[in-house]
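Spelled out, the chains give:
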Amino acid sequence: MPMTHVLLAPDKFKGTLTAAQVADALAVGVRRAAPSATTVTVPVADGGDGTLAAVVAAGFERVPVTVSGPTGAPVESAYARRGDDAVVELADASGLSRLPDGRPAPMTASSAGTGELIAAALDAGCRRVVVGIGGSAGTDGGAGLLTALGARVLGRDGAPVRPGGGGLADVTDLDLSALHPRLGEIELVVASDVDNPLAGRHGAAQVYGPQKGASPDEVGELDAALNRWADVVARATGVDRRSQPGAGAAGGVGFGLVAVLGASVRPGTELIAEVTGLRAAIEAADLVVTGEGSLDAQSLRGKAPVAVARLAGAAGVRVVVAAGRLALPRAEVRAAGFAAAYALTDLASADEAMARPAPLLETIGVQLMTDHLEGDPAHAG
């Protein structure tokens, strides 16, 4: 049996397994079917939840930092570092999963903890900081992040406004004189696949506010507050960025990073692939296995597995996908670049797939490797 080099590059299976755990389970099955096969793991992510774990699995060092959670209570978070490069995941510091008892705080949740992570990376001497944004608990336009980096967000009385998007209803001034001194010396890059503007019908409040617990009235208040915030930022910087695609990402944190700190924005999947060395790993493989919890229509809009398929196709390497559930016609799976697709729900009920995904993924590892070696991808449809 010829030796085969298999690259395992899945995203997380949300709610069950991290990307690294998905890869570990698949690897067991691959080696069961082909004991001589070699496996390499490069977990993937799109800049949102799971980004920190993916880059740490790819060789970055996890640097623990205690920061302010979205409601101000301290949380144990971290950034990842390799050499002069740092990766910060907003979801790990300021995300929905960090809300105490899961209780929504749409008007008061702050992005300050993410700014504290960036500050820690700057204080440690990092020269390039990648900020993965997504999964934010709040809609504060990045004001909290900026405050943590030395900005002063002030109201009519000259005092700092209240934290969160609700506080921006009172903002009148932005003082940038005490910004962290190293911000002008580093490269700041935002990893995001969201193209919403800051405000309006397609903006942060109206599109994502309800997902964060905002009522219809609160959505209107937040949208008006974000427009007010954009006016203040435009006066302070001389440029109005509220309509820039991506400004509405992560409750407007994208706006704060770009409009005030001059960050560049890159597609999340592309940027994280670059940071983790995914392209080179694909080129060295005989077979690439990617995956995510649900392969559906949203996946086709640039989510991590489809980005992996695109890179594998460019390198001429066969790629297959393992999913918790498959919600696409097989023809669309093939059109996305996958030679075959495998789903946990082909083997078990949806409840069982959620309860015991790892052993099911081991079985899929056996199946996909057997199909690959026999040159008969039965699951291609």
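Because the structure is a prediction, the values reported are computed rather than measured. (Residues numbered from 1 in each chain as written. Predicted model: local features only at pLDDT ≥ 70, side-chain atom pairs only at ≥ 80, totals over all residues. Heavy atoms only, no water.)

(A) Fine view of the pairing of strand E2 (residues 38-41). The pairing of strand E1 (residues 5-8) with E2 spans four bridges and is classified as parallel. The residue bridging His 5 from the neighbouring strand is Thr 38, located in E2. Following the chain from E1 across helix H1 (residues 19-33) to the adjacent parallel E2, one finds a crossover that is right-handed. (Pairing = 2+ DSSP bridges. Helix = DSSP H or I, 4+ residues; strand = E, 2+ residues; numbered from the N terminus. Right-handed = clockwise from strand over helix to strand, strands pointing away.)

(B) Up close: the environment of Glu 76. Topologically, Glu 76 is positioned in strand E4 (residues 74-82). On the basis of relative accessible area, Glu 76 is assigned to the exposed category, the value being 55%. Distance from Glu 76 to Gly 262, taken between C-alpha atoms, is 28 Å for residues 186 residues apart in sequence. (Buried < 20%, exposed > 50% of the residue type's maximum accessible area, 1.4 Å probe, protein only.)

(C) Up close: helix H7 (residues 216-237). The end-to-end C-alpha distance of H7, which contains 22 residues, comes to 31 Å, matching closely the 32 Å that a straight helix rising 1.5 Å per residue would cover. Within H7 the residues assigned to the buried category are Val 219, Leu 222, Asp 223, Ala 225, Leu 226, Trp 229, Ala 230, Val 232, Val 233 and Ala 234. Elements that come into contact with the buried residues of H7 comprise helix H5 (143-148), strand E7 (152-155), strand E8 (171-175), helix H6 (204-208) and helix H8 (249-260). (Expected span 1.5 Å × (residues − 1). Contact = heavy atoms within 4.5 Å.)

(D) A look at the sheet that holds E4. In space, the six strands of this open sheet follow the order E3-E4-E5-E6-E9-E10, with mixed pairing throughout. Looking at strand neighbours, the two that pair on one side only are strand E3 (61-68) and strand E10 (264-266), the edges of this open sheet. Geometrically, the sheet is characterised by an average inter-axis angle of 30 degrees between neighbouring strands, direction not taken into account. Strand direction decides the pairing type here: strand E5 (residues 85-89) and strand E6 (residues 128-132), joined by five bridges, are parallel. The residue of E6 that forms the bridge with Val 88 is Val 131. Sheet strands touched by helix H4 (residues 112-123): E3, E4, E5 and E6. Its angle to E3, the strand with the most contacts, is close to 135 degrees. (Axes fitted to C-alpha atoms, helices over the stretch in contact; angles between N-to-C directions.)

(E) Empty space enclosed by the protein, seen in detail. Scanning the model with the defined rule gives one cavity of 30 Å³ or more in all. Computed from the structure, the largest cavity encloses a volume of approximately 60 Å³. Pro 43, Val 44, Ala 45, Thr 269, Ile 272, Ala 273, Thr 276, Leu 278, Ala 304, Ala 307 and Val 308 together form the lining of the largest cavity. Of all the secondary structure elements, the ones that give two or more residues to the lining of the largest cavity are helix H9 (268-276) and helix H11 (304-315). In terms of residues, the lining of the largest cavity owes the most to one element, H9, which gives four residues. Along the lines of polarity and charge, the residues of the lining of the largest cavity split into nine nonpolar, two polar and no charged. (1 Å grid on protein atoms, 1.4 Å probe; cavity = no way out; pocket = protein on both sides within 12 Å on 5 of 7 lines; lining within 4 Å. Points joined across faces, edges and corners; volume = space filled by probe spheres on them. Nonpolar A, V, L, I, M, F, W, Y, C, P; charged D, E, K, R; others polar.)

(F) Quick look at the packing of H1 against helix H14 (residues 357-374). Running from N to C, H1 and H14 cross one another at 45 degrees; their axes reach a closest spacing of 7 Å. With respect to their mutual orientation, H1 and H14 come out oblique. Crossing hand, H1 versus H14: right-handed. Taken together, the residues of H14 that come into contact with H1 (itself represented by Val 22, Ala 25, Leu 26, Val 28, Gly 29, Val 30, Arg 32 and Ala 33) are Ala 358, Leu 361, Glu 362, Ile 364, Gly 365, Val 366, Leu 368, Met 369, Thr 370 and Leu 373. Its residues assigned to classes, the contact of H1 with H14 comprises 13 nonpolar, three polar and two charged. (Parallel < 35°, antiparallel > 145°, perpendicular 65-115°, else oblique. Left-handed = near helix turned anticlockwise from the far one by under 90°.)

(G) Layout of the side chain of Ser 192. Here Ser 192 lies in the loop between strand E9 (187-191) and H6. Only 3.2 Å separates the side chain of Ser 192 from the backbone nitrogen of Val 194, close enough to count as a polar contact. When neighbours within four sequence positions are excluded, Ser 192 is seen to be in contact with Ile 133, Ala 249, Arg 266, Pro 267 and Gly 268. (Polar contact = N/O pair within 3.5 Å; in protein donor to acceptor, adjacent residues only side chain to side chain.)

(H) Looking closely at the layout of surface pockets. By volume, the largest pocket is sized at about 1300 Å³. Around the largest pocket, the lining is made up of 35 residues, and of these Asp 46, Gly 135, Val 194, Gln 298 and Lys 303 lie nearest the centre. Contributing elements (two or more residues each) for the lining of the largest pocket: H8 and strand E11 (287-295). Of the residues assigned to the lining of the largest pocket, the class counts are seven nonpolar, 16 polar and 12 charged.

(I) Just the nonpolar core, in detail. The biggest cluster of nonpolar side chains holds 57 residues, and the ones touching the most others in it are Tyr 79, Ile 118, Val 129, Ile 133, Trp 229, Leu 257 and Leu 261. With eight residues, the single largest contributor to this core is H7. The contacts of Val 129, once residues within four sequence positions are left out, are Ala 86, Val 88, Ile 118, Ala 121, Leu 122, Ile 186, Glu 187, Leu 188 and Val 189. Formed by 27 residues, the second largest nonpolar core is a distinct cluster that contains Leu 8, Val 289, Ala 322 and Tyr 342. (Core = buried A, V, L, I, M, F, W, Y, C linked by side-chain atoms within 4.5 Å.)

(J) Expanded view of the pattern of salt bridges. All chains considered together, the criterion is met by 14 salt bridges. For Arg 128, the salt bridge identified is with Glu 274, shortest N-O distance 3.4 Å. Taken together, the positions of Arg 128 in strand E6 and Glu 274 in helix H9 put the pair 146 residues apart, joining distant regions of the chain. A relative accessible area of 16% places Arg 128 in the buried class. A salt bridge links Glu 270 to Arg 266; its shortest N-O distance comes to 3.1 Å. The exposure class of Glu 270 is partly exposed, given its relative accessible area of 42%. Each of the salt bridges in this network shares a partner with another, and the network as a whole consists of Arg 128, Glu 187, Arg 266, Glu 270 and Glu 274. (Salt bridge = Lys/Arg side-chain N within 4 Å of Asp/Glu carboxyl O.)

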